[in-house]
Amino acid sequence: MTRTMHTPALLLLNDSPRLPLLAALAVRFAAAVTQWERRRRSRVNLGYLDDRLLQDVGLTRHQAGRETKRYFWQP
């Protein structure tokens with residue numbers, strides 16, 4: 001079982017004045033990796049949507065294909 005920390009919790013921890021430099025860097029890295037994983041998962045799932053569902057979210061098949069080919073670090 002994994003425990004998910006949301007970005008506000010990470011930001012609060014990162015803003016703590018007593019947090020050592022290495023810990024602050026670790027928190028920022030964890031937040032970045034979490035965001036990258038969220039993007040990757042969203043883009044993979046976007047590729048599985050049929051045309052009707054894509055129309056519901058306002059995308060064409062071409063736009064969805066372009067989005068799914070983007071790298072996880074690209075916003």
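Owing to the predicted nature of the structure, the values given are computational and were not obtained by experimental measurement.

Rules used in this analysis
Residues numbered from 1 in each chain as written. Predicted model: local features only at pLDDT ≥ 70, side-chain atom pairs only at ≥ 80, totals over all residues. Heavy atoms only, no water. Helix = DSSP H or I, 4+ residues; strand = E, 2+ residues; numbered from the N terminus. Buried < 20%, exposed > 50% of the residue type's maximum accessible area, 1.4 Å probe, protein only. Areas by Shrake-Rupley, 256 points an atom, 1.4 Å probe, with all protein chains shown as cover. Salt bridge = Lys/Arg side-chain N within 4 Å of Asp/Glu carboxyl O. Phe/Tyr/Trp six-rings, centres within 6.5 Å; stacked < 30°, edge-to-face > 60°.

Trainee: Whenever I open this one, the overall build of the chain confuses me. Can you help?
Mentor: Looking only at helices and strands, one finds four helices and zero strands in the chain. Helices (α) and strands (β) of the chain occur, in sequence order from the N terminus, as α-α-α-α. Within the chain, buried positions represent 11% of all 75 residues. A total of about 6,400 Å² of accessible surface is found on the chain, and carbon and sulfur atoms cover 61% of it.

Trainee: Please clarify how the pattern of salt bridges should be interpreted in this entry.
Mentor: Taken as a whole and assessed by the stated rule, the structure comprises six salt bridges. The residue Glu37 makes a salt bridge to Arg40 at a minimum N-O spacing of 2.8 Å. One end of the pair, Glu37, and the other, Arg40, are both in helix α2 (residues 21-47), three residues apart, so they sit about a helical turn from each other. One salt bridge in this structure joins Arg41 and Glu37, with 3.6 Å as the shortest N-O distance. With a gap of four residues between them, Arg41 and Glu37 both fall in helix α2, about one helical turn apart. Since its relative accessible area comes to 30%, Glu37 is described here as partly exposed.

Trainee: Hey, could you run me through the environment of Tyr48 in this one?
Mentor: Note that Tyr48 resides in the loop between α2 and α3 (51-57). Along the backbone, Tyr48 and Thr68 are 20 residues apart, and their C-alpha atoms lie at a distance of 10.0 Å.

Trainee: What exactly am I supposed to notice about the packing of aromatic side chains here?
Mentor: The way to describe two aromatic rings as a pair is by their centre distance and the angle between their planes. Scanning the model with the defined rule gives three aromatic pairs in all. Their ring planes at 65° and their centres at 5.4 Å tell us that Trp36 and Phe72 sit as a pair that is edge-to-face. Of this pair, Trp36 sits in helix α2 while Phe72 is found in the segment after α4 (61-68), placing the two residues 36 residues apart along the sequence. On the accessibility criterion, Trp36 (30% relative accessible area) is partly exposed. Taking the centre distance of 4.7 Å and the plane angle of 0° together, the rings of Tyr71 and Trp73 count as stacked. For Trp73, a relative accessible area of 46% translates into the label partly exposed.

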